[in-house]
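As a plain string of letters, each chain reads:
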Amino acid sequence: MKKEFEKFGILTEEISDEDIDFKKLQDDEDDDNVLATVEDPKIQESLSTVSADDSVKIYMRQIGKIPLLSSEEELDLAKNIKNKKDEFSKNLLVNARDGICLTHDELIDLVNLIKPLIKQGLSPYAIWEIYKNKMPITERTFYNYMELGIMDIASIDLPRKVRYKDRDNKNKRKKTIVRIGREYCDYLNIPEEKRKNVFQIDTVHGFKYNKQRIFTMHNPLREFQFYNLIRDGRAERIIKIFDMYEEYLGSMELFKKIFGLILADRGDEFDMYNMLERSIYNPYKKRCHVYFCDPNRPDQKGSAENNHELLRRILEKGYSDFDKLSNADVALACSHVNSYPRKSLNGNAPIELIEKMVPQELLNKLGIEHLQPEEVVLKPSLLKHAISY
């Protein structure tokens, strides 16, 4: 039998009946006898004070009732796994050796730490980045425990990706806009080093009847996104935002250094690109250069589209009344979204990187604050006055 096990890569060692206390392995239907298998008096005392509905004790009771596999059963399962014919056998073999590596007190402390942060909208990754030196288990182990039902945290509580419906394709006649030298292929001809500092611009909508929108300016390299409230979707509103930023920065040269390269979609609000490029300090000089994505290709500025998902955690699509928003509300959302740690930035928050690129005075004038990760809230409760269920 030992040779058969070794043939399939299973380690074995010789044991005798004397090594096993069969009295301790007796199957007792009384759940409280789970304490009798624990020899340490301190652990016995700790478990005896646990309420009957405690998830950890329930888990210990249930796992203690699962019968061990016989040597013949393990061999059969190993054969099936090696032949890749029985996925169920693989799962059964793994689960037969499962357990938890935390004490009762450690588990309670972990849940008390994580649960409030999950309710604030933080993902497990962000929580592990903030408290990585205090976590007794890995992020992956946390998910495993949650699936076992011993974490008192439901999957529905975790941040989920927003699913978007396809926009209605209405047959509207649009005026012809000449974009010679501004097509996406022209944008790709720019050296890659310069394209790293591009800002992708877009607008986010609330209800269909809402006039107000949120104009966003996104830098993919730093994953930072500026939010600006505009009264409607006219091109003049976007021009005023550009003028405001240039005025706050105090010079055309500084604006050009930061926002000199712009990539937009083909929305009506970006049609007046010549006015977007014109400097308020010298109307005969350009403060930036605007390029456009190909028709129906939002993926060409996909980083901006993806970052909107974090904004939609606060202002849910189909439930957010943008006409109830103020500039202060949008600045607040901007502060929380950009203070959120990103895995793609090695645990850093976008605001940490943008502070090295733009003057702090600009962020102050826009009302954007650098929050501590544990202060971040990415839930509708942040702007609940604008949410209608």
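Residues numbered from 1 in each chain as written. Predicted model: local features only at pLDDT ≥ 70, side-chain atom pairs only at ≥ 80, totals over all residues. Heavy atoms only, no water.

Asker: Lay out the overall build of the chain with the relevant residues and their values.
Answerer: Assigned secondary structure in the chain consists of 17 helices and 5 strands. Taking all 389 residues of the chain together, the buried fraction comes to 42%. For the chain, the proportion of contacts with a sequence separation of at least 24, taken over those separated by at least 6, is 68%. Carbon and sulfur atoms form 49% of the exposed surface of the chain, whose accessible area is close to 23600 Å². (Helix = DSSP H or I, 4+ residues; strand = E, 2+ residues; numbered from the N terminus. Buried < 20%, exposed > 50% of the residue type's maximum accessible area, 1.4 Å probe, protein only. Contact = heavy atoms within 4.5 Å. Areas by Shrake-Rupley, 256 points an atom, 1.4 Å probe, with all protein chains shown as cover.)

Asker: Describe the nonpolar core, naming the residues involved and giving the relevant values.
Answerer: With 68 residues, the main nonpolar core has Ile214, Phe226, Phe259 and Leu315 as its most contacted residues. A total of 6 residues in this core trace back to one element, the largest contributor, which is helix 11 (residues 235–249). When near neighbours in sequence (up to four residues on either side) are disregarded, Leu315 contacts Ile214, Ser320, Phe322, Leu325, Leu383, Ala386 and Ile387. The next biggest cluster of nonpolar side chains, apart from the first, holds 8 residues, and it includes Tyr184, Tyr187, Ile190 and Tyr291. (Core = buried A, V, L, I, M, F, W, Y, C linked by side-chain atoms within 4.5 Å.)

Asker: Can you explain unusual backbone geometry? Please cite residues and give values.
Answerer: Of note, Glu223 is a non-glycine position whose phi angle comes to about 60 degrees, a positive value. Tracing the backbone through its elements, the reader meets Glu223 in the loop between strand 2 (213–219) and strand 3 (224–230). We note that Asn346 has phi near 60 degrees; this positive angle belongs to a residue other than glycine. The class of Asn346 is exposed, set by a relative accessible area of 69%.

Asker: Pulling in residues and values, what's your account of the pairing of strand 2?
Answerer: In terms of residue burial, strand 2 counts as a mostly covered element, since 6 of its 7 residues are buried. As paired elements, strand 1 (residues 199–204) and strand 2 share 5 bridges and run antiparallel to each other. For Gln200, the partnering residue across the bridge sits in strand 2 and is His218. Looking at chain direction, strand 2 and strand 3 are connected through 7 bridges and run antiparallel. From the neighbouring strand, Ile214 faces strand 3, where its bridge partner is Leu229. A loop of 4 residues connects strand 2 with strand 3, the two strands running antiparallel in sequence, and Glu223 in this loop sits at a positive phi of about 60 degrees. (Pairing = 2+ DSSP bridges.)

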